[in-house]
Amino acid sequence: MELYIDTANLDEIKQANDMGVLDGVTTNPSLIAKEKTDYGKRLAQICEVVEGPVSAEVIAIDFDGMMKEGRERAKIADNIVVKLPCTVDGVKACKAFTDEGVRTNLTLCFQPLQALLVAKAGAFLVSPFIGRVDDIAEDGMDLIRKIRAIYDNYGYETKLLAASIRHPKHIVDCALAGADVCTVPFNVIQQMMKHPLTDSGLEKFVADYKKAFG
Ligand code: E4P
């Protein structure tokens, strides 16, 4: 399973990239707003650090606006993926970008039929938001399993990117359900290598060795 980081913070991206296991980055308008910096400039900085796909979301919600913004974003670097919403205009823009050879990530996916249509339009990635589904007392993982089954039934090549990840259990469940990618906030990436028995075991190994050999 590929691991992306879900942030526009350059320091977090550099730290995750230094671990040697980072496959890509997703950003969105809320994440860039937290950084209080120019979106285009930050995307260029991210693309200098990370070789894998970097999702750049459009702010426009109409077809023409999405095409204009997406084309500008795509010029920033070869690894930019234009992120579009799962709307009718978004799926139209997805098809148009696919025809132009530009990769897309269809975001804000909350039901399997959105995932089916964007796969037909040639999306490179689809982003079901599992945390936000859980937030309304529904089952985010059920959405992942349904999309996986539909894509496998018909051989769609769109990658299933599990988004809105809130905790390590989401990642384990996504890996078991066959998600192609998880995009994970930095604080959750840090938790992925944590276990209290690893820490206490390591402490004891070092202490025993020092006691015997100084
Ligand atoms: C995905 O690409 C989005 O940026 C993100 O995962 C949204 O997560 P949230 O529900 O925690 O805002």
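Position numbers for residues start from 1 in each chain and track the written sequence from start to end. At least 70 in pLDDT is required for a residue's local features to be given in this predicted model, at least 80 for side-chain atom pairs to be given and counted, and no such filter applies to totals for whole chains, interfaces and linings, which use all residues. Side-chain descriptors were evaluated using all non-hydrogen atoms of the structure, hydrogens and water having been removed beforehand.

**Things to note about the environment of methionine 192**
The test is simple: Put simply, DSSP H or I for four residues or longer makes a helix, DSSP E for two residues or longer makes a strand, and each gets a number counted from the N terminus. Residue exposure (1.4 Å probe, protein chains only): buried if accessible area is under 20% of the type maximum, exposed if over 50%, otherwise partly exposed. Should any heavy atoms of two residues lie within 4.5 Å, those residues are counted as being in contact.
Its place among the elements puts methionine 192 in the loop between α10 (186-191) and α11 (196-213). The exposure class assigned to methionine 192 is partly exposed, which follows from its relative accessible area of 37%. Counting along the chain gives 20 residues from methionine 192 to valine 172, while the straight-line C-alpha distance between them is 9.7 Å. The residues contacting methionine 192, other than those within four sequence positions of it, are Leu3 and Ile171.

**Considerations on the site of the ligand**
To keep things clear, this is the line we draw: The rule for a residue being near a molecule or strand is that one of its heavy atoms must lie within 4 Å of it. Contacts described as polar in this section are N or O atom pairs within 3.5 Å, which, within protein, must combine one atom able to donate a hydrogen with one able to accept it, while residues neighboring in sequence count only if both atoms come from side chains. Surface exposure here means Shrake-Rupley accessible area, sampled with a 1.4 Å probe, where a residue is shielded only by the protein chains that are shown. Asp, Glu, Lys and Arg are counted as charged, while Ala, Val, Leu, Ile, Met, Phe, Trp, Tyr, Cys and Pro are counted as nonpolar; the rest, among them Gly, fall into the polar class.
Near the ligand, the surroundings consist of Asp6, Thr26, Asn28, Lys83, Phe129, Arg132, Ala163, Ser164 and Arg166. In the environment of the ligand, an oxygen atom lies 2.7 Å from a nitrogen or oxygen atom belonging to the side chain of arginine 132. Here an oxygen atom of the ligand sits 2.9 Å away from a polar atom, N or O, in the side chain of arginine 166. Look at the ligand: alone it shows 340 Å² of surface, and the protein chains cover 86% of it. For the shell around the ligand, the residue count by class is two nonpolar, three polar and four charged.

**Some thoughts on the pairing of strand β4 (residues 80-85)**
Quick note on the threshold: Pairing between two strands requires that DSSP report at least two bridges joining them. Seen with the strands pointing away from the viewer, any crossover whose path from the first strand over the helix to the second strand runs clockwise is right-handed.
The element β4 is extensively covered by neighbouring structure, given that six of its six residues are classed as buried. In β4, alternate side chains face the same way, and those of Ile80, Val82 and Leu84 on one face and Val81, Lys83 and Pro85 on the other are all buried. As judged from the four bridges shared by strand β3 (residues 54-57) and β4, these two strands associate in the parallel manner. Pairing of valine 54 across the sheet is with isoleucine 80, part of β4. Crossover connection from β3 via helix α4 (residues 63-74) to parallel β4: handedness right-handed. With four bridges connecting them, β4 and strand β5 (residues 104-109) associate as parallel partners. Each bridged residue has a counterpart across the sheet, and for lysine 83 the counterpart in β5 is asparagine 105. Between the parallel pair β4 and β5, the chain is carried across by helix α5 (residues 88-100), and the sense of this crossover is right-handed.

**What about the pattern of salt bridges?**
Our working rule: A carboxyl oxygen of Asp or Glu within 4 Å of a side-chain nitrogen of Lys or Arg is what we treat as a salt bridge.
By the definition in use, this model includes 14 salt bridges. Salt-bridge contacts for lysine 68 lead to glutamate 72; the nearest nitrogen and oxygen are separated by 3.5 Å. You can see lysine 68 and its partner glutamate 72 sitting in helix α4, four residues apart, about one turn around the helix. A relative accessible area of 56% places lysine 68 in the exposed class. Residues lysine 95 and aspartate 99 are paired through a salt bridge, measuring 2.9 Å at the closest nitrogen-oxygen approach. With lysine 95 and aspartate 99 both in helix α5 and four residues apart, the pair spans about one turn of that helix. A single network of salt bridges, built from pairs that share partners, joins Arg148, Asp152 and Asp180.

**Brief notes about a nonpolar patch on the surface**
Basically, it comes down to this: Candidate patch residues must exceed 30% relative accessible area and have no salt bridge, after which like charges are joined if within 9 Å and Val, Leu, Ile, Met, Phe, Trp or Tyr side chains if within 5 Å.
On the surface, Met19, Val21 and Met193 cluster together to form a nonpolar patch covering roughly 320 Å² of accessible area. Following the sequence through the fold, methionine 19 ends up in the loop between α1 (10-18) and β2 (24-26).

**Some thoughts on the nonpolar core**
The cut-off we apply is this: We call a set of buried residues a nonpolar core when its members are Ala, Val, Leu, Ile, Met, Phe, Trp, Tyr or Cys and they connect through side-chain atoms within 4.5 Å of each other.
Ranked by size, the top nonpolar core spans 57 residues in total, and within it Ile5, Leu84, Ile144, Ile165, Cys174 and Val184 carry the most contacts. The element best represented in this core is helix α8 (residues 140-154), accounting for five residues. Other than its neighbours up to four places away in sequence, isoleucine 165 contacts Ile130, His170, Ile171, Cys174, Cys182, Thr183, Val184, Pro185 and Val188. Core analysis: the second largest hydrophobic core is formed by seven residues, Tyr4, Phe129, Ala163 and Val181 among them.

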